[in-house]
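# Examining the three-dimensional arrangement
Here is what each chain is made of, one letter per residue.
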Amino acid sequence: MELPVTTPDSGGRKKVSYTIETRNLSYALPSLYDEFSWIFCCKNPKRPQKFIIKDVNCEARPGEITAIAGPSGAGKTTLLEILAGKISPTKATGQVLVNGHPVNAKCFRRLSGYVTQEDALFPLLTVEETLMYSALLRLQGGKTESANRVGVLIKELGLEHVAGSRVGGSNRGISGGERRRVSIGVELVHDPAVILIDEPTSGLDSASALHVISLLQEMVAHQGKTIVLTIHQPGFRILELFDRLVLLSNGCVVHNGSLEYLEERIKFSGLQIPPHINVLEFAIDVTGSIVIQTSETPNIHFHLKDHGEKKVSLTTSKHNDMVEKCPSYSNSHIEEILILGGRFCKNIFRTKQLFATRIIQALLAGFILGSIFMNVDNNLGRVALQTRLGFFAFSLTFLLSTMTEGLPIFLQERAILMRETSRGAYRVSSYVVANTFVFLPFLLMVGLLYTVPVYWLVGLRQNMDGFLYFVMVVWMVLLMSNSFTACFSALVPNFIMGTSIIAGLMGSFFLFSGYFLSKEKIPNYWIFMHYLSLFKYPFECFLINEYGGKGGKRCLESERGECKLFAIDFLRQQDLKESQKWSNLAVMLCFILGYRVLCYIILWCRCYRTRN
């Protein structure tokens, strides 16, 4: 974004600065009728809108900390989200200006840093790794420049003593104040000129809160950044660090100016500030007694001062065509995939629930199932055949259902993905591809650990090509389940609904697989579920591998020394052909790719809605 106001940075180079301004900005919650008006044919009478913010006029300048304050429900976070581009300015009335020109939300999101109230971080990465991966995704200089930037940032944030510690969750890892500084650091790696922070002191003790705000004040003083933050009720020491205060009440601006001028206005209103209560805290309690600032009742003292500053800025940009140049992605597709893949690997290997537990589970399940169904095929007869079919069915149930435990991890990653892609760190397609490739070797290892004991203990077809094909089918089943879980984790809003939907669909797939009801007995209006079943194709592959090919001449049932049912005849009864051995694998591959493509489409739509 090519903008006129510049300040020298520490290296002596010219660095662009930004003045953010709102003019008569209003935002109302969309009604249910507005969201679904295309359904109704007749016009609905206009209902009064519920404004969250209304006619807001405020300004944030370079080299200043602008604090948006007010009681709960005053519209602080909504105003900040509009400034940050999280809520598109096109959905609000009025104007959001950057250096006197209408803001391009897409460009501004990439140029600025936006820190949400919730710390969306990977708990198993260290502080240094968290900042390093953010730098690799946001900077173009490669590992060397990223490492240098992270080293400087860790010192600036005062995180040297916890650089090698894992971020952790709410009960483990670094402290809340340190985690808050890491969240700020993630958005500072690309050195944005504008930083927007929602409740930076929320949940922190007074010392940690003061440390965070003091850090921001140092950035303002030495780097000339434009910092806008929301805050509820800061203490005396924190309040003194703010350069400009925007006080909101019921979505309207009560005050826009310095703290000293707010105190003058309170006294002018005939109110006396009690001892041991700071100005802002008292102003929030008596907002009804202070005249609301509007375009008709401006702050005269600061209006005159601002007018002169704006005149210089606009004169400087008189000959600037203001063609905004959005920064492109810092890395190519392949580089993004490699960086994200490395981050995925570290998270997987450090997640005991997903790594160690899955390995032990696969080994134990293989040995236990192998000991239960050991050498069943030594006996001939219908009972032995049904037992072998039951083993195949239970194996598929185990393999497909156990992969759904990755749902909470996918949901956690989705929140981080939404934040990172909205700021232009990388492409959604790179995330999906990296996630897919990382799980290929991991799931192959899990499949081998399950197959090696169970295949030989159960006494399946005793040759290497049968064993390798069985391993291939198990691997494909695990990949199908993983892709299925990833797809629905992108779709569902939370873990509870995701678990319910995935469990229900898995049960339906098992019901229509052909194990309980043959294809001919399934009603026509449900036949589509038979072909969509994730159980159908691997189950058929197991049968063909065991009873087809060279094993087709085996006798499965005999009476009085005479064979009544050969293996090849059993396959014909099941309407299975030898050629389906590979065509079913192709269908399973299509399921894997299809669910991944669907996952990409859903995530892209989510990110698009967030950006727009």
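Remember, it's a predicted structure, so these values are computed and weren't measured experimentally. (Residues numbered from 1 in each chain as written. Predicted model: local features only at pLDDT ≥ 70, side-chain atom pairs only at ≥ 80, totals over all residues. Heavy atoms only, no water.)

In this fold, A486 is placed in helix α17 (residues 464-491). What makes A486 buried here is its relative accessible area of 3%. Here the alpha-carbon distance between A486 and L411, two residues 75 residues apart in the chain, equals 8.8 Å. If near-sequence neighbours (up to four positions away) are discounted, A486 is found in contact with F410, R596 and C599. (Helix = DSSP H or I, 4+ residues; strand = E, 2+ residues; numbered from the N terminus. Buried < 20%, exposed > 50% of the residue type's maximum accessible area, 1.4 Å probe, protein only. Contact = heavy atoms within 4.5 Å.)

A separate point is the UniProt feature "transmembrane region" (unreviewed entry) in the protein chain. The feature "transmembrane region" (unreviewed entry), as given by UniProt, occupies residues 355-374, 389-411, 432-455, 467-488, 495-517 and 585-605 in the numbering adopted here. As a span, residues 389-411 carries 83% helix and 0% strand, and end to end its C-alpha atoms are 35 Å apart. Secondary structure over residues 432-455 splits into 100% helix and 0% strand, and the C-alpha atoms at its two ends are 33 Å apart. (UniProt positions renumbered as here; feature names shortened; annotations may be inferred.)

We now examine the sheet that holds strand β12 (residues 252-257). Taken in spatial order, the 6 strands make up an open sheet running β8-β9-β10-β5-β11-β12, and their pairing is mixed. The open sheet has two free edges, formed respectively by β8 (113-115) and β12, since each of these has just one partner strand. Direction aside, neighbouring strands of the sheet carry axes that sit 15 degrees apart on average. When strand β5 (residues 64-69) meets strand β11 (residues 244-249), the two strands line up parallel, connected through 4 bridges. Looking across to β11, one finds that A69 is bridged to L247. Here helix α2 (residues 76-84) sits on the sheet in contact with β5, β8, β9 (194-197), β10 (226-231) and β11, set at roughly 155 degrees to β10. (Pairing = 2+ DSSP bridges. Axes fitted to C-alpha atoms, helices over the stretch in contact; angles between N-to-C directions.)

Looking now at the pattern of salt bridges. Taken as a whole and judged by the stated rule, the model has 15 salt bridges. Across the salt bridge formed by R244 and E64, the nearest N and O atoms sit 3.6 Å from each other. Here the residue R244 occupies a position in strand β11, and E64 occupies one in strand β5, the gap between them amounting to 180 residues. Per residue, the accessibility class of R244 equals that of E64, and both read buried. Across the pair R180 and D119 runs a salt bridge, and its minimum N-O distance is 2.8 Å. Placement of R180 in helix α6 (residues 176-188) and of D119 in the loop between β8 and α4 (127-138) is noted, with a sequence separation of 61 residues between them. Judged by relative accessible area, R180 falls into the buried class, the value being 2%. (Salt bridge = Lys/Arg side-chain N within 4 Å of Asp/Glu carboxyl O.)

Within this structure, the stated rule accounts for 24 aromatic pairs. Taking 5.4 Å as the distance between ring centres and 55 degrees as the angle between the ring planes, the aromatic pair formed by F373 and F391 counts as tilted. Of the two residues, F373 is situated in the loop between α13 (356-372) and α14 (382-402) and F391 in helix α14; the sequence distance between them amounts to 18 residues. Following the ring pairs from residue to residue traces out a cluster consisting of F373, F391, F392, Y455, W456, F467, F470 and F542. We note K536 situated over the ring of Y537; from NZ or CZ to the ring centre the distance is 5.1 Å. Here the basic side chain of K581 rests over the ring of Y469, its NZ or CZ set 4.7 Å away from the ring centre. (Phe/Tyr/Trp six-rings, centres within 6.5 Å; stacked < 30°, edge-to-face > 60°. Lys NZ or Arg CZ within 6 Å of the ring centre and 35° of its normal.)

Another aspect to go through is the environment of R265. In this structure, R265 sits in helix α9 (residues 259-268). In the structure, R265 is positioned 18 residues away from A283 in sequence and 9.8 Å away in space, judged by C-alpha atoms.

Ranked by internal contacts, the top residues of the largest apolar core, which has 151 residues, are L229 and Y450. With 17 residues, the single largest contributor to this core is α17. With residues up to four places along the chain from it excluded, the contact list for Y450 reads A362, A365, G366, L369, F391, S395, F398, L399 and V474. (Core = buried A, V, L, I, M, F, W, Y, C linked by side-chain atoms within 4.5 Å.)

Here we come to the packing of α14 against helix α16 (residues 428-458). Here α14 crosses α16 at 170 degrees, and the two axes come no closer than 13 Å. When the interaxial angle is binned, α14 and α16 end up roughly antiparallel. The segment α14 lies against α16, with R388, F391, S395, F398 and L399 engaging Y450, V454 and V458. (Parallel < 35°, antiparallel > 145°, perpendicular 65-115°, else oblique.)

Moving on: the side chain of R110. Along the polypeptide, R110 turns up in helix α3 (residues 105-111). A polar contact is formed between the side chain of R110 and the side chain of Y329, at a distance of 3.4 Å. (Polar contact = N/O pair within 3.5 Å; in protein donor to acceptor, adjacent residues only side chain to side chain.)

This paragraph deals with the packing of α4 against α6. Remark: α4 packs on α6, axes separated minimally by 8 Å, with the N-to-C direction vectors making an angle of 20 degrees. Classed by the angle they form, the pair α4 and α6 counts as roughly parallel. With respect to the hand of their crossing, α4 and α6 are arranged in right-handed fashion. The residues of α6 that touch α4, namely those facing V127, T130, L131, S134 and R138, are V182, G185, V186 and E187. Across the contact of α4 with α6, the residue classes tally to 4 nonpolar, 3 polar and 2 charged. (Left-handed = near helix turned anticlockwise from the far one by under 90°. Nonpolar A, V, L, I, M, F, W, Y, C, P; charged D, E, K, R; others polar.)

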